[in-house]
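Letter by letter, the chains look like this.
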Amino acid sequence: MPQLAIAPTFLTDFSHLDTRVQSATLAAMRSYLSGNRDHLEPVAEAADPQVRVLQIGPEWSGVVTRTTDDVYCLLTVRRHDDAVAFARDYRAEATPALSFVDVAEPPRPTIEIPHPRGPLTAAPKVSGPVELAPGLAKDFDDWRVTLHPEQHRLATGHYAGATQVTGGPGTGKTVLALHRAAYLATRDAQRLPADDRRAVLLTTFNRMLAQTLAAHLDRLIDDPDIRARIDVVTIDSLARGIVAERTGTPPRTLGKDALSRRWRAAARADGVAYSGRFLVDEWEQVILARGFTDLPSYIRCDRNGRMLHLAPEHRALVWETIGRYVSAMRADNEWSYPQVAHEAARLLRRGGPRYRHVVVDEAQDLHPAQWRLLRAAVPAGPDDLFIAADPHQRIYEHRVSLASLGINVRGRGHRLRTSYRVSQEILSWSEAILGRAAAVGLDDRSDTPVGYRSLLRGPAPVLRGHTGRRAEVAAVTEQVRAWLATGVAAPSIAVAGRNQWVVRNIAKELYAAGVPTAALDAAGAADAVRVTTMHKLKGQEFSCVAVIGAGEGLLPPKAALESAQGDPVALEQVYQRERNLLFVACTRARDALYVSYVGEPSRLLPEHARAEAAG
């Protein structure tokens, strides 16, 4: 009875092959299982006389070696010359644990071989040291709230004031923030059992992440009284709630794009020489960020990071124009998000704090006005602010110095260098996107990605190039189907694109192929693959992630490059922001990462990966 064994490394190698070669390999395997061995060829001068080459096509061959009288083990599939060279040098060592493809009676196999159109891949599993084994053995949702044993001391520590934890992807910042909030609420219940108000604020910049944090807390905390002491809201929701509560009128907020369009039309009508986007950025990144309330302060300030130099006489015009437009917004009850935070901070300073402790996740993306709100929301003192951040994952323009905002973390900073939530293979691949450029953190200290390491090992990321959009969509659909076929739970798979057009397109194709999909923020626990933009992946965790549309023209988007208007400083800011965004998206995967593009790969992708894909 013919049998074919598969070496442990074969499936990982196989997943890197083109789907055409995968299909031919599956056909050759089926032919072998049906009893046809005519394509097994000996190799002249081979170090192991049992080794054979299995012809797969005109250009490709597999390498097999006999393990028993009637069993061959499939080692690898390579181009024919490489396969022969590999076979000639191969020396059998101790027999590894093998997986078998078997037939009961030819030509029907006793196990089901995956559909030839799809990638043949084992379930993408990661391995790690013994202390991580209990966590990795858990259901993926339970694993998401599992804290590394060595980080319990940070979650339960007593600090004399504000504390900051920084670290790269997978170092456990978010799960640490969750456990810190749970600990503070538990301690608050023990100290003040009669005072059951919401004493702990757990906040972040993104609504999707806030929803995820709330769901994780529900899983982590069994006691409803303790859970009720934690308020989980975005910083924008907190600001709007305070303004509405204190003024009786909910503010109508406008996003930056809508506000830029509004001010662009006004500037053209008024004959102002500056664009609407420039005026909005100047207002949010300089005037509101620095808290300026008078023209002399604005004229004297350094506008570090702003692309256009402004002479004093020009600043007076900009100040007067912005003031006029802001007044018109106030009359219509229209607000920008930083403006609402600015007002909420003013109201809290007058009326007093509302929390005993504040925990902040993804803190690097908050605006200075939002930090003033958080400073006003909790009284300064022991365990007041617990801050989790990574400057290399900053995807917005905000530059913040906590010390300038009255938040002192000096001497109470902790830097996490060891990742246990992203494999080393994914981490190393993704770090090449950033390069070795340093980023300035909230504590004014420089941070580089050099030195981060992971305790987990897993399959290498896959980068695929395609000649057309249809081929790219078909390939990623088959990759998702393969992950599902190997037992990966649908909600722990994410497919992400740079813009909504890419996301809508892949969502339709996956659905048409019979793959259930849902938006990342879909209500309920739908048993479906999550399809979303790269921005919404921020702070999330998945077993497998596919990033599509990673080609030139889409990443960075042409519109983002054109917005720099040829200014080299602004252009580099765009590229760095897009590098950070791609880095964030790729490091949301724990076990497997698949990246694809059409035409030319984005220059933001790792150089070595682009070279391998081109070869």
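For every chain, the first residue of its written sequence is number 1, and the numbers climb from 1 along that sequence. Only residues with pLDDT of at least 70 are given local features in this predicted model, and only at 80 or more are side-chain atom pairs given and counted; all residues enter the totals for whole chains, interfaces and linings. As a convention, hydrogens and water are excluded, and side-chain values are obtained from all of the structure's heavy atoms.

Structural notes on helix H8 (residues 207-220)
Part 1 of the argument: Strands here mean DSSP runs of E at least two residues long; helices mean DSSP runs of H or I at least four residues long; both are numbered from the N terminus. Multiply 1.5 Å by the residue count of a helix minus one, and that product is the helix's expected span. Taking 1.5 Å per residue as the helical rise, H8 with its 14 residues ought to reach 20 Å, and the 20 Å between its terminal C-alpha atoms agrees with that figure.
Part 2 of the argument: It only takes one pair of heavy atoms within 4.5 Å for two residues to be counted as in contact. Against the buried residues of H8 lie helix H7 (173-191), strand E9 (200-204), helix H9 (224-227) and strand E10 (230-234).
Part 3 of the argument: For the purposes of these results, a polar contact is taken to be a pair of N or O atoms within 3.5 Å, where, inside protein, one atom must be able to donate a hydrogen and its partner to accept one; residues adjacent in sequence count only when each atom of the pair is a side-chain atom. Two to three positions downstream of the cap, the backbone nitrogen of Met208 sits 2.7 Å from a side-chain oxygen, assigning the N-cap of H8 to Asn206.

Some remarks on the nonpolar core
Part 1 of the argument: Of all hydrophobic cores here, the largest spans 36 residues; its most connected members are Trp371, Leu373, Leu374, Leu385 and Ile387.
Part 2 of the argument: Counting residues per element, the ones that place at least two in this core are helix H10 (235-247), helix H15 (337-351), strand E13 (357-360), helix H16 (368-377) and strand E14 (385-389).
Part 3 of the argument: The residues touching Leu373, leaving out its near neighbours within four places in the chain, are Ile235, Leu238, Ala239, Ile242, Ala341, Ala344, Ala345 and Leu348. By nonpolar core is meant a set of buried Ala, Val, Leu, Ile, Met, Phe, Trp, Tyr and Cys residues that side-chain atoms within 4.5 Å join together. Summary of the burial criterion: residues with accessible area below 20% of their type's maximum are buried, those above 50% are exposed, and those between are partly exposed, where the area comes from a 1.4 Å probe applied to protein chains only.

Some points on the UniProt feature "binding site: ATP" (unreviewed entry) in the protein
Part 1 of the argument: UniProt positions are given in the numbering used here, feature names are shortened, and annotations may be inferred rather than shown by experiment. Cross-referencing UniProt, the feature "binding site: ATP" (unreviewed entry) maps to Gly167, Gly168, Pro169, Gly170, Thr171, Gly172, Lys173 and Thr174 in the present numbering.
Part 2 of the argument: With respect to the helices and strands, Gly168 occurs in the loop between strand E8 (163-167) and H7.
Part 3 of the argument: For Gly168, a relative accessible area of 1% puts it in the buried group.
Part 4 of the argument: When near neighbours in sequence (up to four residues on either side) are disregarded, Gly168 contacts Lys173, Asp390, Gln393, Leu416 and Tyr452.
Part 5 of the argument: Note on placement: Gly170 falls in the loop between E8 and H7.
Part 6 of the argument: Residue Gly170 is classed as buried on the basis of its relative accessible area of 13%.
Part 7 of the argument: Beyond its immediate stretch of four places on either side in the chain, Gly170 contacts Thr418, Ser419, Tyr420, Arg421 and Val422.

Considerations on the sheet that holds E14
Part 1 of the argument: The criterion for strand pairing is that DSSP finds at least two bridges linking the strands in question. One open sheet holds the 6 strands; their spatial order is E10-E9-E13-E14-E8-E15, and the pairing between them is parallel. The two strands at the open ends of the sheet, each matched to only one other strand, are E10 and strand E15 (413-416). Within this sheet the neighbouring strands show an average axis-to-axis angle of 15°, counted without direction.
Part 2 of the argument: Taken together, the 5 bridges between E9 and E10 define a ladder with parallel strand orientation. The residue of E10 that forms the bridge with Leu201 is Asp231.
Part 3 of the argument: Packed onto the sheet, H10 meets E9 and E10 and runs at close to 100° relative to E10. Think of each axis as a best-fit line through the C-alpha atoms, taken over the contacting stretch in the case of a helix, with angles from 0 to 180 degrees between the N-to-C directions.

Focus: the packing of aromatic side chains
Part 1 of the argument: Pairing of aromatic rings covers Phe, Tyr and Trp, the last through its six-membered ring, and needs centres within 6.5 Å; plane angles under 30 degrees mean stacked, over 60 mean edge-to-face, and all others mean tilted. Inspection of every chain in the model, using the stated rule, returns 7 aromatic pairs.
Part 2 of the argument: Between Trp263 and Trp283, the aromatic rings sit 5.4 Å apart at their centres with planes inclined by 35°, giving tilted as the arrangement. Of this pair, Trp263 sits in helix H11 (residues 256-270) while Trp283 sits in helix H12 (residues 276-290), and the two are 20 residues apart along the sequence.
Part 3 of the argument: Linked through ring pairs, Trp263, Trp283 and Tyr325 together constitute an aromatic cluster.
Part 4 of the argument: Lysine and arginine charges are scored as sitting over a ring when NZ or CZ, respectively, is within 6 Å of the ring centre and within 35 degrees of the ring normal. Positioned above the aromatic ring of Tyr452 is the side chain of Arg417, whose terminal nitrogen or guanidinium carbon lies 4.6 Å from the ring centre.

Quick word on the sheet that holds strand E23 (residues 529-533)
Part 1 of the argument: Ordered by their spatial adjacency, 6 strands build an open sheet running E20-E25-E24-E21-E23-E22, and the pairing between neighbours is parallel. The open sheet is flanked by strand E20 (462-466) and strand E22 (517-519), the only strands paired with a single partner. The sheet shows a mean angle of 25° between the axes of neighbouring strands, direction not considered.
Part 2 of the argument: Bridge count between strand E21 (residues 493-497) and E23: 4 bridges; the pairing is parallel. Bridge assignment links Ala494 to a residue of E23, and that residue is Arg530.
Part 3 of the argument: Sheet contacts for helix H17 (residues 424-434): E20 and strand E25 (589-598); angle to E25, the most-contacted strand, approximately 40°.
Part 4 of the argument: Helix H19 (residues 500-512) rests against E21, E22 and E23 of the sheet, and its axis sits at about 160° to E23.

A look at the environment of Pro391
Part 1 of the argument: Mapped onto the fold, Pro391 is located in the loop between E14 and E15.
Part 2 of the argument: Using a relative accessible area of 6% as the deciding quantity, one classes Pro391 as buried.
Part 3 of the argument: Here the alpha-carbon distance between Pro391 and Ala363, two residues 28 residues apart in the chain, equals 8.9 Å.
Part 4 of the argument: Aside from chain neighbours lying at most four places away, what touches Pro391 is Gln364, Ala439, Val440, Gly441, Asp447 and Asn580.

Considering the packing of H15 against H16
Part 1 of the argument: Following both chains from N to C, one finds H15 and H16 inclined at 25°, their axes separated by 8 Å at the closest point. As the angle between them shows, H15 and H16 are arranged roughly parallel. Like other packed secondary-structure pairs, H15 and H16 cross with a definite hand, here left-handed. Residues Pro338, Ala341, His342, Ala344, Ala345, Leu348 and Arg349 of H15 form the contact with H16, whose own contacting residues are Ala369, Gln370, Arg372, Leu373, Ala376 and Ala377. An angle counts as roughly parallel when it lies under 35 degrees, as roughly antiparallel when it exceeds 145, as roughly perpendicular when it falls between 65 and 115, and as oblique in every other case. By convention, the crossing between two helices is left-handed when the near helix turns anticlockwise from the far helix through less than a right angle, and right-handed when the turn is clockwise.

Section: the pattern of salt bridges
Any two side chains of opposite charge can pair, on the condition that their charged atoms come close.
Part 1 of the argument: Take a side-chain nitrogen of Lys or Arg and a carboxyl oxygen of Asp or Glu: if they are within 4 Å of each other, that pair is a salt bridge. Counted by the stated rule, this structure contains 33 salt bridges.
Part 2 of the argument: The partner of Arg197 in a salt bridge is Asp195, with the nearest N and O atoms 3.6 Å apart.
Part 3 of the argument: Using a relative accessible area of 35% as the deciding quantity, one classes Arg197 as partly exposed.
Part 4 of the argument: By relative accessible area, which is 27% here, Asp195 ends up partly exposed.
Part 5 of the argument: Among the ionic contacts, a cluster of salt bridges with common partners joins Asp188, Asp195, Arg197, Arg229 and Arg356.

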